[in-house]
Amino acid sequence: MNLPSLINWFEKHQRDLPFRSHPTPYGIWISEVMLQQTQMETVLKYYPSFLKRFPTIQSLAKASLEEVLTEVQGLGYYRRFRLMHEGAKYILNQHQGVFPSTFESVIAIPGVGLYTAGAIMAIAYNQPYPATDGNVIRVLSRYFGVKKDMRLPSSRAHINELHNQLVQQSQPREYIQAVMELGALVCRPVKPSCEACPLQQNCFAYQSGKPEALPILTKTTKVKTKEWKTIIIVQDDKILMRKNKTNLLKDFYLLPQWETKIEAIEEWLLNNRFKPIHLGDSRVFQHQFTHQTWVMDVYQLKVKTGFDKEGEWILLRALNTIPIPEAHKKIIRYYFPQYLKTKAL
Ligand code: SF4
């Protein structure tokens, strides 16, 4: 691979990213966690305010999980942030709050896998470790013509080894970021800009005339649909919310909802002394997760009395201080736009 040409392209075309100009291990770690499963454009809306709110490992470790989730609500895949919070506490306890600097100690941090450890070592410490994400897999499988199913761990390990050999021959910080950036800006999944690519000359996929044919990715499982009856229950200036205890959206606050008939909900309202219990017309909202679609038939109810042992009455004006998933934020924002802020660039 023509590495000088790739680095030269990167120096001219790289985006101005807040975590890459003066890379610190803490900043690279936070950005890489945010970038897992999330587009750069979205991460750029969250990263600066997150770093302002939690500027150091100490501040992150000492914050409550609820404060951390509130700051990242809307990004999805919240398990990564629970682990990140665990990781900050681990660094505070095991390394006196100083980010460790060897690969073995970085990968021992809760939630840090091979990719994130490699990115921290290469970008923050300029050490020759590979960091193989989707962009790298696409660029290298096209360039070298690797015709293996990239959903298989063995195929990804093969690309990781090619990446490892290349990072050993280069300035790790520049090389790693250059391949990632080429994948994001030029060697895109659809319609790659081969005519503007510094690797065009020896690229297998370009020469084959079908660059989009690689990488090979077999089809994944189908998306399931869940149909909910969701209720907004308001008493004076408070709204009933339930803290979720199951895996998807664990520790987030949700509106009460059931996968059942409306009659069963009216019975629940009656048994829990909610008054009145009559549910009027509903409005349908939809939210798409990666492997699930929620279709929510939403009812609104203003009550004078009522008790829910699984719920909490939250002041409407305090809704911005608790973590709420986007699936339900969009509902609350529709009915009470004055109480929920949206993230803006
Ligand atoms: S020439 Fe085209 S297919 Fe090959 S690496 Fe560059 S953009 Fe990707």
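Located above this text is the structure these notes cover.
Everything numeric in this text was worked out from a predicted model, so none of it was measured.

With a probe scaled to a water molecule rolled over the atoms, the places where space remains empty come into view. Empty space within the largest pocket amounts to approximately 1700 Å³. What lines the largest pocket is a set of 40 residues, and nearest its centre among them are Leu-35, Gln-37, Asp-133, Gly-134 and Asn-135. Counting only elements with at least two residues in the lining of the largest pocket, the list comes to helix H2 (25–35), helix H3 (40–53), helix H8 (114–124), helix H9 (134–144), helix H10 (153–168) and helix H11 (172–185). Across the lining of the largest pocket, the residue classes break down as 16 nonpolar, 15 polar and 9 charged. One number sums up the size of the second largest pocket: a volume of about 890 Å³. Gly-76, Tyr-77, Tyr-78, Arg-79 and Arg-80 are the residues nearest the centre of the second largest pocket, which is lined by 32 residues in total. At the level of elements, H2, helix H6 (79–94), strand E5 (283–288) and helix H14 (326–335) are the ones that each hand at least two residues to the lining of the second largest pocket. If you tally residues by element for the lining of the second largest pocket, the top one is H6, at 5 residues. Counted by class, the lining of the second largest pocket contains 13 nonpolar, 14 polar and 5 charged residues.

Cis geometry marks the peptide bond from Leu-214 to Pro-215; its omega dihedral reads 0°. Tracing the chain through its elements places Pro-215 in the loop between helix H12 (204–208) and strand E1 (224–235). The residue after Lys-275, namely Pro-276, is reached through a cis peptide bond having omega -5°. Structurally, Pro-276 can be placed in the loop between helix H13 (262–271) and E5. Phi is positive for Gln-37, which is not a glycine, with a value near 70°. When you line up the elements, Gln-37 lands in the loop between H2 and H3. Given the relative accessible area of 60%, Gln-37 is considered exposed. With phi around 60°, Arg-273 is a residue other than glycine that occupies positive phi space. Position of Arg-273 relative to the elements: it lies in the loop between H13 and E5. Residue classification places Arg-273 among the exposed positions, given a relative accessible area of 69%.

Definitions and cut-offs
- Throughout, residues of each chain are indexed from 1 in the direction in which the sequence is written.
- Per-residue local features of the predicted model are confined to residues with pLDDT of at least 70, and side-chain atom pairs are confined, for both listing and counting, to 80 or more; whole-chain, interface and lining totals are unaffected and use all residues.
- To obtain the side-chain values, all non-hydrogen atoms of the structure were included, while hydrogens and water were left out.
- Here the term cavity refers to a set of points on a 1 Å grid, laid over the protein atoms alone, in which a 1.4 Å probe fits but cannot get out; the term pocket refers to an open set having protein on both sides within 12 Å along at least five of seven lines, with lining residues being those that place an atom within 4 Å of a point.
- Grid points are joined across faces, edges and corners, and a volume is the space filled by probe spheres set on the points.
- In this text, helices come from DSSP runs of H or I with a minimum length of four residues, and strands from runs of E with a minimum of two, each type numbered from the N-terminal end.
- Any residue outside Ala, Val, Leu, Ile, Met, Phe, Trp, Tyr, Cys, Pro, Asp, Glu, Lys and Arg is labelled polar, Gly included; the first ten of those are nonpolar and the last four are charged.
- Per-residue accessibility, obtained with a 1.4 Å probe over protein chains only, is compared with the maximum for each type, and a residue is labelled buried under 20%, exposed over 50%, and partly exposed between these values.

That's the geometry; what it means functionally is another story.
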